[in-house]
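Structural characterization, general
So the chains spell out like this:
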Amino acid sequence: MTGIMETVAATVGLKKPLTALINKGCMPVGGIFRLDYDSAIVLTDDFKKHQAGGVPRGGFLLAVAGENSGAGFILEDQEVILLRVRGTAPLPNESELIQTRLAVVRDAGASGVGFDDVTDVLTRNELQQSAFDCEVLGTFYTETDARDAHIEYGADIDNVVVSARYQVFLPSTEVLSWLASYPEPADQRDALAIGKVRFAATRRKALIAGTDQAEVRIDVADFVGRKTAVFGMTRTGKSNTIKTLVTAVHRYGSEHGRTIGQLIFDPQGEYANVNKQDGTGLRLLGDDDTTVRIYKVEPDAGDPREKPLRINFYDRQVLEAAWSLVSDATAPVNTNYGKTFRAAALAEPDPNDRSAHCRWSWAMVAYYGLLSKCGFYAGSLPQELIIQAKADAMKGFSSADVVPGSKAGYYRVRTPAGAFALAEWVGDHPTEFDKWHDDQRCEFKAIWGVYKFTGITAAIRTIRAFHGEQSAGDVSEHLWEDMCAGRLAIVDLSSGNDLVAKTMSERIVTHLLNRAGERFRADEDPTEMQIIVEEAHNLFERGGREVSDNPWVRLSKEAAKYKMGLIYATQEVTSVDKRILSNTSNWLIAHLNSDHETKELAHYYDFKVWTPSIIRAEDIGFVRMKTYSGKYIVPVQIARFDHAMVNAARQAAGLVVVPRPAEGE
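I will try to describe carefully the structure that is included in this document. (Residues numbered from 1 in each chain as written. Predicted model: local features only at pLDDT ≥ 70, side-chain atom pairs only at ≥ 80, totals over all residues. Heavy atoms only, no water.)

With respect to the sheet that holds strand S13 (residues 292-296)
Either a parallel or an antiparallel arrangement is found when strands of a sheet pair, and the pairing is made through backbone hydrogen bonds. An order of S10-S9-S23-S22-S21-S11-S20-S19-S12-S18-S13-S14 is seen for the 12 strands of this open sheet, with the pairing classed as mixed. Both edges of this open sheet fall to strand S10 (215-219) and strand S14 (306-308), since each of them pairs with a single strand only. Ignoring which end each strand starts from, the neighbouring axes of this sheet average 25° apart. Strand direction decides the pairing type here: strand S11 (residues 227-231) and strand S20 (residues 564-570), joined by 5 bridges, are parallel. In the sheet register, Lys-227 faces S20, and the bridge partner there is Leu-566. Strands strand S12 (261-266), strand S19 (529-533) and S20 of the sheet are contacted by helix H17 (residues 498-521), whose axis makes an angle of about 160° with S12. (Pairing = 2+ DSSP bridges. Helix = DSSP H or I, 4+ residues; strand = E, 2+ residues; numbered from the N terminus. Axes fitted to C-alpha atoms, helices over the stretch in contact; angles between N-to-C directions. Contact = heavy atoms within 4.5 Å.)

Listed below in structure tokens is the structure:
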């Protein structure tokens, strides 16, 4: 009767959540002989490690108190301590074992026989003993012993038992996947299979044991409206990771009926175009410009998704944007005349203030003339410039593009070429145009004064690619409209230099923040959006800039209330402002080759444990990941971005699947 009752009790116990977890193929590897609140020493042997399929550095182990029964391992309490292997630890009798091993090696070498031939069975068993030094990550537990009790997790342990009742198990493939994906999202549609668990660069043991197939699932909601860092050297899979996340968020928005705009700053043009090798790309997430828009310097007129990135530098509606680009392009010219030039104020004053508006129009003659001199072509000015000048001073000046106005003493400047000709005339006749040359009250002289300095003019020519005579409006406002409509917008910055890319991206982000702030102050629902920055070290500036002057820091501090997310990728952790790092929720770390970078990384979570692996392992797509809802760092081999991901997102949006191109197409 006692045997029957024990069997019944064991059967009932096996159905409890954590007991059932341990009995899902988890292999015993030893027991704990020393435990404290932060660490544990696990006694094991070579046979158990071999049977379990190997125990990698960084691997998870499960410590439980209980005993074996005929039906399985029965837990005393519904409590499992999660351990991570940090390395090996010496045994109390380590010095004796070393002496014995030394004797065995010496005797075997001297006699020319195998190691087993110079030891007895007991000695061999003793020599196989070893220990793991483990970090205590936390505790899985249930609040009740009910079979349907929810499994909770605490990032510590609330008691230390010094008895030798803790047995240690290596998770099976199924349990390892559960651990790596904990906690699963409430809505299974939000679970993205981002890759497979990978603890080491060498994968032989994992392949044999099958643990290389342990899937890692993340909650896509973790990456919406939060900051995400993707660190790694070039060619370690950063772009692949970003494409996967962008596609997942696009699908998430469709499945939940949420309008989530995504903006990608693309410095190399790899996101804006379809990959020629596999025919896959983010532009395939939409068939027209209602879903996807790609802003390029030279857009394809036959593709409705491609839009001009350019602005018309002569359009007063984008005067602030154009002058900002010109000022930043000339910033390296750090001469007195360069500083004076950049200090010019070109904001249009109130037209009712006739005196100020008149002086402003004179400065605009010099500005438009400078653009014309630097090769910014336009057949006409979008808005004619009306200037006032003395009729006597204008005698001798002749240009078909500068004609008399409706009133005496007024003239209409109709083209950039006309502005250039007039600026040269005024510049060469300072006595007749003394008010134009009054550098205390007019900016004409500050701008005309750089006409003959090639440093300034050469710098301005570097941004000619961003001028388009036919462009209308401000790209920043177009992108805001895209975000409000939930589109994927890709800004291809590959045609400009680093300075232009930095200036353009900062202007756009500042504009988006300002527009989002307007909605917030008006008590309107925020516009959900994601901003993705590749090669972030070229755009971010780490230093002492005030928050108001640094749009990226503003984004990190204000984005939460505006529901603006940020994904940034770089190989230089130290290039990212600490204020941004401190507000980052999701971390995906691939190979970094410098301890200067890993030391900075070690300040966050427990990445310090992973720095040797991060420096040593150069495998593409091998990352150490910490997500917002994730409780601990999980090493992952990121899945390759492919057609299946794109088509799943398309189907969620109600679009037909895109066939994969045939080999060689």
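Examining the packing of helix H9 (residues 319-329) against helix H11 (residues 354-373)
Packing of H9 against H11 leaves a shortest axis separation of 13 Å and a crossing angle of 55°. As summarised for this structure, H9 and H11 are arranged oblique, according to the angle between their axes. Like other packed secondary-structure pairs, H9 and H11 cross with a definite hand, here left-handed. Two secondary-structure elements touch here, H9 through Leu-319, Ala-322, Trp-323 and Val-326 and H11 through Trp-360, Met-364, Tyr-367 and Leu-371. (Parallel < 35°, antiparallel > 145°, perpendicular 65-115°, else oblique. Left-handed = near helix turned anticlockwise from the far one by under 90°.)

Some thoughts on H11
The terminal C-alpha atoms of H11 lie 29 Å apart, and with 20 residues this matches the ideal 28 Å at 1.5 Å per residue to within 8%. Taken across its 20 residues, H11 has 16 buried, putting it largely inside the fold. Looking at the residues trailing H11, positive phi occurs at Gly-375, about 95°. (Expected span 1.5 Å × (residues − 1). Buried < 20%, exposed > 50% of the residue type's maximum accessible area, 1.4 Å probe, protein only.)

Here we look at the sheet that holds strand S15 (residues 385-388)
Read from one edge to the other, the open sheet built from 3 strands follows the order S15-S17-S16, with strand pairing classed as antiparallel. This sheet does not close on itself; its edge strands, each paired only once, are S15 and strand S16 (402-404). When the angles between neighbouring strand axes are averaged without regard to direction, this sheet yields 30°. Bridging between S15 and strand S17 (residues 410-413) involves 4 bridges; their strand directions are antiparallel. The residue bridging Ile-387 from the neighbouring strand is Tyr-411, located in S17. Contacting S15 and S17, H11 crosses the sheet at an angle of about 120° to S15. In this fold helix H13 (residues 416-428) packs onto S15, S16 and S17, with an angle of close to 130° to the strand it touches most, S17.

Focus on the packing of aromatic side chains
Applying the stated criterion to the full structure yields 29 aromatic pairs. Ring centres of Phe-231 and Tyr-568 lie 6.0 Å apart, and the angle between their planes is 70°; on these two criteria the pair is classed as edge-to-face. In this pair, Phe-231 sits in strand S11 while Tyr-568 sits in strand S20, placing the two residues 337 residues apart along the sequence. Here the two residues Phe-231 and Tyr-568 agree in accessibility, since each one is buried. By the ring-pair criterion, three or more aromatic residues cluster together here, those being Phe-60, Phe-140, Tyr-153, Trp-178, Tyr-182, Phe-199 and Tyr-632. Sitting over the ring of Phe-622, Arg-198 keeps its end group 4.9 Å from the ring centre. For Arg-226, the ring lying beneath its charged end belongs to Tyr-628, and the centroid distance is 3.6 Å. (Phe/Tyr/Trp six-rings, centres within 6.5 Å; stacked < 30°, edge-to-face > 60°. Lys NZ or Arg CZ within 6 Å of the ring centre and 35° of its normal.)

Looking at the pattern of salt bridges
The full count for this structure, using the stated rule, is 31 salt bridges. Measuring nitrogen to oxygen at the nearest pair gives 3.7 Å for the salt bridge that ties Glu-174 to Lys-24. One end of the pair, Glu-174, is in helix H6 (residues 173-181); the other, Lys-24, is in the loop between helix H2 (17-22) and strand S1 (27-35), with 150 residues separating them in the sequence. Notably, a salt bridge pairs Asp-434 with Lys-390, separated by 4.0 Å at the nearest N-O pair. Taken together, the residues Asp-434 in the loop between H13 and helix H14 (444-448) and Lys-390 in the loop between S15 and helix H12 (391-394) connect sequence positions 44 residues apart. Classification of Asp-434 by relative accessible area gives partly exposed; the value is 42%. Look at the salt bridges and you will find they share partners, linking Arg-283, Lys-296, Asp-303, Arg-305 and Glu-306 into a network. (Salt bridge = Lys/Arg side-chain N within 4 Å of Asp/Glu carboxyl O.)

Shape descriptors only; they carry no functional weight alone.
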